[in-house]
Protein chains: 2
Amino acid sequence: LSHLISNMKITTFVQHDFVNPDDLSGQAAVVIDTFRATTTMTTALQNGAACMIPVMHVKDALAIKAQDSDVLLGGERRTQKIDGFDFGNSPLEYTAQAVGGRRVVMSTTNGTKAVMAAKKAATIMLGCLNNASAVAEKLAKLQLDVTLLCAGTVGRLSMEDLLTAGMIIAHLQQICDVTLCDTSITARDMYIMHQSDINGVLKNTAHYNTMLKNDLAGDIAFCMQTDICSTVPVFDGTGFVKK
Amino acid sequence: LSHLISNMKITTFVQHDFVNPDDLSGQAAVVIDTFRATTTMTTALQNGAACMIPVMHVKDALAIKAQDSDVLLGGERRTQKIDGFDFGNSPLEYTAQAVGGRRVVMSTTNGTKAVMAAKKAATIMLGCLNNASAVAEKLAKLQLDVTLLCAGTVGRLSMEDLLTAGMIIAHLQQICDVTLCDTSITARDMYIMHQSDINGVLKNTAHYNTMLKNDLAGDIAFCMQTDICSTVPVFDGTGFVKK
């Protein structure tokens, strides 16, 4: 108990481009890309994948594969699977049968950029609606100041990420003494206002409708589930592992 | 009625740094810096100032004064009045007696940057809590797509600006058919959630508390008043005038 910080500062960014990486030094960072990168990586680890390695470019993924033919490749460009890859970016593809015990290289531009923006943090986790309360519980144990990094969509705030940040904050403030920045207050209040009907608010938002047009209703339904798993992906220097 | 657009798109930015000026081409832009630049300029015009001219630097203000000794100078650096200027950035200073019939050059870094980010818009207005409904009524008549540009504070979302944007949107959607981006939905919902106690949410936010520490409680109280005036400052190519 001697290590408890008296007050945990929680800073939220609606889009990773706006972050100064130095500001995250010594903090616990949570990267949030609920539609779909962080939901997919959380699901894969929950289903037994050994490690999820985020990379920016397709050529980076292929370079790792050239060194280690056992890795699987996953990722998307404009919601579509990349040619020659094993998986796209749907959490539904990452079953226990498909990924159990395997290392998977994920090429998702936006999610990977958000992880890189957090590279100076003391620890980096992945958050989504599926594991929001588990993330909050882990943050409470770490007792570090927290930065929540929403990936956003094409440079803008994305509602599903804001609600995920808000759910983590709403849970955290019940178990810790917290100080919230204006964006964190906004995220928490939006979650509290809409927690009983997350689909109701998301159905009018941009990314949700882009996904619907791309026949991804199943992914939307999966990604909107709250607290269905206790896996918190944590970065180990190379990739995200279950901790 | 033949000019009515069937659906008005409302885009909100929480901070002007994130704006691509080209995206505002042909739109109606509203710059929002509720604590305090846009409240102050609205108040000055309401009190009879002839024109409010925003400039970035103190030297720009002094250059205009050198050409035209009749202009008054206003502005702030870190909440304080600038040496040699007639006014700071408090709306309480811009009385009818002080500014009636006068042109005033305003040097406010953040608010001026936000105006410059909107320079390609078809029209630029200034919004604050004091004139939010009047701004909405004017936007409804223009029937252009709308971008609401919050100035924010030191590069971050500022709650008082978000609530102002939300109040404009909440009013607009009662009189127009609108399509809202995710940030616009967030702004509107935050306003709806907090409209009955704006002080209650703002008292926990960053800029409010910085102002309190600088003995600006009177300014805070003034700036938080909703719909106390019908003046909408509109840019005429040189400065903002009452229209």
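One can find the structure itself at the top, above this paragraph.
Heads up: these notes are all about the structure in this document.

### Observations concerning the pairing of strand β8 (residues 146-150) of chain A
The two faces of the sheet receive side chains in turn, since in a regular strand these alternate between them.
All names here are of chain A.
And step 1. For β8, a buried count of five out of five residues is recorded, marking the element as mostly surrounded by other parts of the structure.
And step 2. Here β8 shows a buried face lined by V146, L148 and C150 and a second buried face lined by T147 and L149.
And step 3. Pairing geometry for strand β1 (residues 8-13) and β8, over four bridges, is parallel. Bridge pairing links T12 to L148 in β8.
And step 4. Taken together, the five bridges between strand β2 (residues 28-32) and β8 define a ladder with parallel strand orientation. Bridge pairing in β8 places A28 opposite V146.

### Describing the environment of P54 of chain A
Residues and elements named next belong to chain A.
And step 1. Here P54 shows up in strand β3 (residues 51-55).
And step 2. For P54 and M106, which are 52 residues apart along the polypeptide, the C-alpha to C-alpha distance reads 4.8 Å.
And step 3. In this structure, P54 is in contact with M106, T112, V115, F235, T238, G239 and F240, ignoring residues within four places of it in sequence.

### Notes on the relation of the copies chain B and chain A
One copy of the chain maps onto the second through a rotation about an axis and a displacement along it.
And step 1. Rotating chain B by 180° about the axis while translating it 0.0 Å along that axis superimposes it on chain A, leaving an RMSD of 0.0 Å. Both copies are brought into coincidence by an operation consistent with a two-fold rotation axis. Considering only C-alpha atoms, the part of chain B nearest the rotation axis is M190 of chain B, at 3.6 Å.
And step 2. Comparing interface residues between copies, 100% of those in chain B also lie at the interface in chain A; the contact surface is shared.

### Describing the packing of aromatic side chains
And step 1. Scanning the entire structure with this criterion turns up five aromatic pairs over all chains.
And step 2. A ring pair is formed by F235 of chain A and F240 of chain A, whose centres lie 5.1 Å apart and whose planes are at 55°; its orientation type is tilted.
And step 3. Taking the relative accessible area as the measure of exposure, F235 of chain A reaches 27% and is therefore partly exposed.
And step 4. The aromatic ring of F13 of chain A is capped on one face by R156 of chain B, whose charged end is 4.3 Å from the ring centroid.

How each quantity is defined
- Residues numbered from 1 in each chain as written.
- Chains lettered and ligands numbered in written order.
- Predicted model: local features only at pLDDT ≥ 70, side-chain atom pairs only at ≥ 80, totals over all residues.
- Heavy atoms only, no water.
- Buried < 20%, exposed > 50% of the residue type's maximum accessible area, 1.4 Å probe, protein only.
- Helix = DSSP H or I, 4+ residues; strand = E, 2+ residues; numbered from the N terminus.
- Pairing = 2+ DSSP bridges.
- Contact = heavy atoms within 4.5 Å.
- Least-squares fit on C-alpha atoms with pLDDT ≥ 70 in both.
- Phe/Tyr/Trp six-rings, centres within 6.5 Å; stacked < 30°, edge-to-face > 60°.
- Lys NZ or Arg CZ within 6 Å of the ring centre and 35° of its normal.

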